[in-house]
Amino acid sequence: MPNTSSTPIVLRGAFAAAVLLAAAGAQAQDACAHRGDLDAQFCDANRDLVADTPTDPKRLKDPGTLVFAFTPVEDPSIYEKLFRPFMGHLSQCVGKKVVFFPVQSNAAQIEAMRSGRLHIAAFSPGPVNFAVNLSGAVPFAIRGNDQGPVGMYLKMIVRKDSPYQKLEDLKGKRIAHTSPSSNSGNLAPRALFPKIGLTPDTDYKVVYSGKHDQSILGVKTGDYDAAPVASDVLQHMTERGVVKGDDFRVLYTSQMFPTDAYAYAHNLAPALQDKIKQCFFDYKVPAEMAKGLGGDRFLPITYQKDWELVRSVAAASGELFTREAFDKAAAGKK
């Protein structure tokens, strides 16, 4: 990863690359039979909702070092440690150096893949839509077990010693959503809660915490009256002893959503794409990693099929996954 002194050079390089990609996209616009909701630099001729691998060999990438990023969390060092055995496996399996890049926000993670600085990433359920449309991410795997993919649930939590016993008790209160692009932390509450009598921004004040970890801790400390959070993050924090299960009362639990999607950049060389997928699916997840993340293996997915529920929730909440919407989300606006 670049150090601070090299960052301006990297940014200039990323900007130049973005300009070239935009120009290439504009030139190829007439040649693209179908683009759908994807950014102008991508094409979706086979209509599977993700960017096609470039047909021009000059646009394919086969980097000597692969950069991997996990979805932004409160303490990236914990997850870097959990992924360390897998990073070693992936490096040996693909025959390239693999480094872990701790991203600070969903927006930074998406921009890193868009600019070509990030090659493989685990994106949170909501931001997957932005990652696909704007950065050319191609989701291919999800964590799972012998029963199938491991999912997560939206849970509305309050302090156990609070007076709140049901959702309608939260009217007029201060409730932490995570970020505008988050599925369980924002989009799902906006789509699901009005149907049961609680409309965000109308019945209660929405305050963006930034991350599920921060929402959970904020409820525990009393900074927020309640928070809709991802069940898997709550479980992991409980297992690590950061919070206790009896710190909270759960007022609402949704149906199951998919958890983080593992994706590669669309312009990686086809042989490298195939190798990455093989390396993920062949990996036997060690016990510590399985306990910390959930799931003991990686299972194949497609964005078109397995993210349909997430896209439906986003559509119901009026969310768009365009560049303009992304810029507003990155700025913390709704």
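Here, every reference points to the structure presented above.
About the cut-offs
- Residues numbered from 1 in each chain as written.
- Predicted model: local features only at pLDDT ≥ 70, side-chain atom pairs only at ≥ 80, totals over all residues.
- Heavy atoms only, no water.
- Helix = DSSP H or I, 4+ residues; strand = E, 2+ residues; numbered from the N terminus.
- Rg over C-alpha atoms; globule rule 2.2 N^0.38 Å.
- Buried < 20%, exposed > 50% of the residue type's maximum accessible area, 1.4 Å probe, protein only.
- Contact = heavy atoms within 4.5 Å.
- Areas by Shrake-Rupley, 256 points an atom, 1.4 Å probe, with all protein chains shown as cover.
- Axes fitted to C-alpha atoms, helices over the stretch in contact; angles between N-to-C directions.
- Parallel < 35°, antiparallel > 145°, perpendicular 65-115°, else oblique.
- Left-handed = near helix turned anticlockwise from the far one by under 90°.
- Nonpolar A, V, L, I, M, F, W, Y, C, P; charged D, E, K, R; others polar.
- Salt bridge = Lys/Arg side-chain N within 4 Å of Asp/Glu carboxyl O.
- Disulfide = S-S within 2.5 Å.
- Pairing = 2+ DSSP bridges.
- Phe/Tyr/Trp six-rings, centres within 6.5 Å; stacked < 30°, edge-to-face > 60°.

*Asks:* Sorry, what's going on with the overall build of the protein here?
*Replies:* A tally of helices and strands in the protein yields twelve helices and 14 strands. Scaling as 2.2 N^0.38, a compact globule of 334 residues should have a C-alpha radius of gyration of about 20 Å, and the protein matches this with 20 Å. Counting only residues that meet the buried cut, the protein has 52% of its 334 residues in that class. Restricting to contacts in the protein with at least 6 residues of sequence separation, those with at least 24 account for 75%. Counting only carbon and sulfur atoms, one obtains 52% of the accessible surface of the protein, whose full area is about 15100 Å².

*Asks:* Honestly, the packing of helix H3 (residues 106-114) against helix H4 (residues 127-135) in this entry has me stumped. Any pointers?
*Replies:* Between two packed helices, the angle of one axis relative to the other and the distance separating the axes together describe the packing. It is the contact of H3 with H4, at a shortest axis distance of 9 Å, that shows an interaxial angle of 25°. By the angle between their axes, H3 is roughly parallel relative to H4. In this structure, H3 crosses over H4, and the sense of that crossing is right-handed. Residues Asn106, Ile110, Met113 and Arg114 of H3 touch H4, and the partners they reach there are Pro127, Phe130, Ala131, Leu134 and Ser135. Taken together, the residues of the contact of H3 with H4 break down into six nonpolar, two polar and one charged.

*Asks:* It is not clear to me how the pattern of salt bridges should be interpreted in this structure. Could you clarify?
*Replies:* Oppositely charged side chains can pair when the atoms bearing their charge come close. If you walk through the whole model with that rule in mind, you get twelve salt bridges. The partner of aspartate 161 in a salt bridge is arginine 159, and the shortest N-O contact between them spans 2.8 Å. The class for arginine 159 is partly exposed, based on a relative accessible area of 30%. Among the ionic pairs, aspartate 296 bridges to arginine 297, the shortest N-O distance being 2.7 Å. For aspartate 296, a relative accessible area of 31% gives the class partly exposed. On the accessibility criterion, arginine 297 (32% relative accessible area) is partly exposed. One salt-bridge network, held together by shared partners, links Glu111, Arg323 and Asp327.

*Asks:* I would appreciate a short explanation of the state of the cysteines in the present structure.
*Replies:* One covalent bond between the sulfur atoms of two cysteine residues makes up a disulfide. On inspection of all chains with the given rule, the structure shows two disulfides. Here cysteine 93 pairs with cysteine 279 through a disulfide, and the sulfurs are 2.0 Å apart. Around the S-S axis, the bridge from cysteine 93 to cysteine 279 shows a dihedral of about -90° and counts as left-handed. With cysteine 93 in helix H2 (residues 76-94) and cysteine 279 in helix H8 (residues 270-282), this pair connects stretches of sequence that are 186 residues apart. Across this residue pair, the class does not change: cysteine 93 and cysteine 279 are buried. Numbered by order of appearance in the sequence, the disulfide-linked cysteines of the protein pair as 1-2, 3-4.

*Asks:* Before we go on, may I ask you to explain the sheet that holds strand S7 (residues 154-159) in this structure?
*Replies:* Backbone hydrogen bonds hold the strands of a sheet together, and the pairing may be parallel or antiparallel. The strand order across the open sheet formed by three strands is S10-S7-S11, and the pairing between neighbours is antiparallel. The sheet is open, and its two borders are formed by strand S10 (227-230) and strand S11 (248-253), each paired with just one other strand. Averaged over all pairs of adjacent strands, the angle between their axes in this sheet comes to 40°, without regard to strand direction. One ladder, built from four bridges, connects S7 with S10; its direction is antiparallel.

*Asks:* What am I meant to see in the environment of alanine 331 here?
*Replies:* Topologically, alanine 331 is positioned in the segment after helix H12 (323-330). Here alanine 331 falls in the exposed class, since its relative accessible area comes to 52%. Between the C-alpha atoms of alanine 331 and alanine 107, which are 224 residues apart in sequence, the distance is 9.3 Å.

*Asks:* Explain the packing of aromatic side chains here, please?
*Replies:* For any two aromatic rings, the description comes down to two numbers: the centre-to-centre distance and the angle of the planes. Within this structure, the stated rule accounts for 19 aromatic pairs. The interplanar angle of 50° and the centroid separation of 5.2 Å between the aromatic rings of phenylalanine 68 and phenylalanine 83 together place this pair among those described as tilted. Within this pair, whereas phenylalanine 68 is found in strand S1 (residues 65-69), its partner phenylalanine 83 is found in helix H2, the two being separated by 15 residues in sequence. On the accessibility criterion, phenylalanine 68 (0% relative accessible area) is buried. A ring pair is formed by phenylalanine 68 and tyrosine 262, whose centres lie 6.5 Å apart and whose planes are at 15°; its orientation type is stacked. Taken together, the residues phenylalanine 68 in strand S1 and tyrosine 262 in strand S13 (residues 261-265) connect sequence positions 194 residues apart.

The values are spatial; any link to function lies outside them.
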